[in-house]
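Residue-level structural notes
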Amino acid sequence: MKILLTILAAVFAAAIAAGIICLIRTLMKPVRHSDYSPQSGKGGSEDARALEYARKLSRMVRYDTTSYPFSEEHPADVQRERFLGYHKVLEELFPLVHRHLQKTEIGGSLLYFWKGKASDRPVVLMGHQDVVPVDGASWGSLSGFSPSAGGSDTWIHPPFSGDIADGKVWGRGSVDTKCSCMAFFQAVEELLKQGFVPEQDVYLSTSCTEEWGGPGCPALIDELRRRGVTPWLVCDEGGGLYTDPMPGIRGNFAMIGVGEKGRANVKFIARGKGGHASTPQKNSPLARLAAFVCDVEKHSPFQSRMEPATRAMLEALAPAASFPIRLVLQNLWLFQLPIELFTPSISGQAAAMLGTTITFTMASGSDAVNVFPQEATLSANMRFVHHQDMEESLAVMRKIAARHRLEMEVIQGAPCTKMIDFRGRAFHYIEETVGKTFPGCVTSPYILTAATDAAFYDAICDSCIRFAPIIYGPEEKKGIHGVNESLPYNCLPGAVDFFKNLVIGL
């Protein structure tokens, strides 16, 4: 008994000591706020500049560039013709770009070449032309539009109106990603007007099949390969200036994407004998699928671990956090293991940061309510983390599926992208450019859970950075692929200046 009490006392004393150390460390470290906010919207010349850019973005949004996987209903040549019409809009908006840069069009996708003074460290600025379809359930015909209809599932402004209202540009593509494309085209346009010649070759890359992972971007990369071009830096969408990126952390933070999680769509199939529902069966296909879902959701089978980039992100954000959050994030030497063990079960955001995730999204069974299905299916979307990539994560799920007598089929999948060196020169160059453009803005590495065309560039570039210099608040994020996509246009001057500074500093 004495030994037990001695051990408990020692543990208690150690806990008190650790708590005191954490408290002292936190109080001794300076608090840092991310103070950047756009200058436009406050009167003066920046407002006129922001409105000029908003009008250009509006023109781009008004042209419907919805793309679909190629099929008989949506043949490639018909879609290409539609994008050729959009290219005429770009020519009107950015005449100097089209007069001075070498333009190559491949299947509707575009590659522009701006000859620099040297070619040993070429840079690619990229975004995509295409947008996702407007959901028919949320949007009918344009003739049926009624501004007074309102509602969370109704467009306040028609999705291809490009309306400029309430300080925003409204419509599909205003955020994803015609805004960043407008910004780098405009940046080059203004530099050309000044007679500027970049120190290094610059390429503008914009595909028309990004939203469904089509052949547009790979075709542009094949063209660069043919020319013998190995980019030093690729800057695509993915990260950005995120508003209030985590609970307890307020402000606009430059979240610089250093890699993407892998992804797959998988289907689980349960088979049975079928029969009439009046004669109950145990362990029917639907019952086995239900048990499988409960098993996976109650007992996550994936490893929870903090990647180095994730730890670096939390440490970068820590000085700007409220005190309780700061106490934890500035003492990861003590709290990393508890975070890895416990937070994924209470936070979907934490689960996505620390491990592979699986989300069950679709199910099917019998066609009649009084008939047992001979086959029932369940579909899910998986996102793989780097420390437990596609092959290992899929093997984990196959093992659990087999335990429930289910078959597993991978519909489509891709492993994690390469992780760039967030201590390397290319990452620091983006950080420096952020500092010049957005004074007072805290920067941080960031791992994407979504997919971008930059993943294709991994084949020819070691520094594919995901960062669009756009402010993404909660409303902007919600509008991506959703209703009421819109962008406050006061952030556009900063976006243009970022790309100008990036090119000037090469």
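A brief report on the enclosed structure follows.

Rules and cut-offs
- Residues numbered from 1 in each chain as written.
- Predicted model: local features only at pLDDT ≥ 70, side-chain atom pairs only at ≥ 80, totals over all residues.
- Heavy atoms only, no water.
- Helix = DSSP H or I, 4+ residues; strand = E, 2+ residues; numbered from the N terminus.
- Buried < 20%, exposed > 50% of the residue type's maximum accessible area, 1.4 Å probe, protein only.
- Contact = heavy atoms within 4.5 Å.
- Salt bridge = Lys/Arg side-chain N within 4 Å of Asp/Glu carboxyl O.
- Patch = residues over 30% accessible without salt bridge, like charges linked within 9 Å, V, L, I, M, F, W, Y side chains within 5 Å.
- Areas by Shrake-Rupley, 256 points an atom, 1.4 Å probe, with all protein chains shown as cover.
- Phe/Tyr/Trp six-rings, centres within 6.5 Å; stacked < 30°, edge-to-face > 60°.
- Lys NZ or Arg CZ within 6 Å of the ring centre and 35° of its normal.

1. Some points on the side chain of Gln-330
Along the chain, Gln-330 turns up in the loop between helix H9 (323-329) and helix H10 (332-342). Residue Gln-330 is classed as buried on the basis of its relative accessible area, which comes to 8%. Residues contacting Gln-330, with those up to four places away along its chain left out, are Arg-25, Thr-26, Lys-29, Ala-318 and Pro-319.

2. Focus: the pattern of salt bridges
This structure, assessed with the given rule, holds 22 salt bridges. Between Glu-105 and Arg-80 there is a salt bridge whose closest N-O contact spans 2.9 Å. Of the two residues, Glu-105 sits in strand S1 (residues 102-106) while Arg-80 sits in helix H3 (residues 76-93), which places them 25 residues apart along the sequence. Classification of Arg-80 as partly exposed rests on a relative accessible area of 30%. A salt bridge links Arg-311 to Glu-315, with the shortest nitrogen-to-oxygen separation between them at 3.0 Å. With Arg-311 and Glu-315 both in helix H8 (residues 308-317) and 4 residues apart, this pair spans about one turn of that helix. We classify Glu-315 as partly exposed; its relative accessible area is 39%. Within the structure, one salt-bridge network assembled from shared partners comprises Glu-46, Arg-49 and Asp-497.

3. With respect to a nonpolar patch on the surface
On the surface, a cluster of nonpolar side chains totalling about 410 Å² of accessible area is made up of Ile-16, Ile-20, Ile-24 and Met-28. Along the chain, Ile-24 turns up in helix H1 (residues 2-28). Given a relative accessible area of 43%, Ile-24 falls into the partly exposed group.

4. Re the packing of aromatic side chains
Per the stated rule, a full pass over the model turns up 18 aromatic pairs. For the ring pair Trp-114 and Phe-196, a centre distance of 6.3 Å and an interplane angle of 65° mean the geometry is edge-to-face. Residue Trp-114 is found in strand S2 (residues 109-114), and its partner Phe-196 is found in the loop between helix H5 (178-193) and strand S6 (200-207); the two are separated by 82 residues along the sequence. Consider the rings of Phe-184 and Phe-185, whose centres lie 5.3 Å apart with planes at 40°: the pair is tilted. Taking the relative accessible area as the measure of exposure, Phe-185 reaches 1% and is therefore buried. The positively charged end of Arg-121 is found above the aromatic ring belonging to Trp-232, 4.3 Å away from the centroid.

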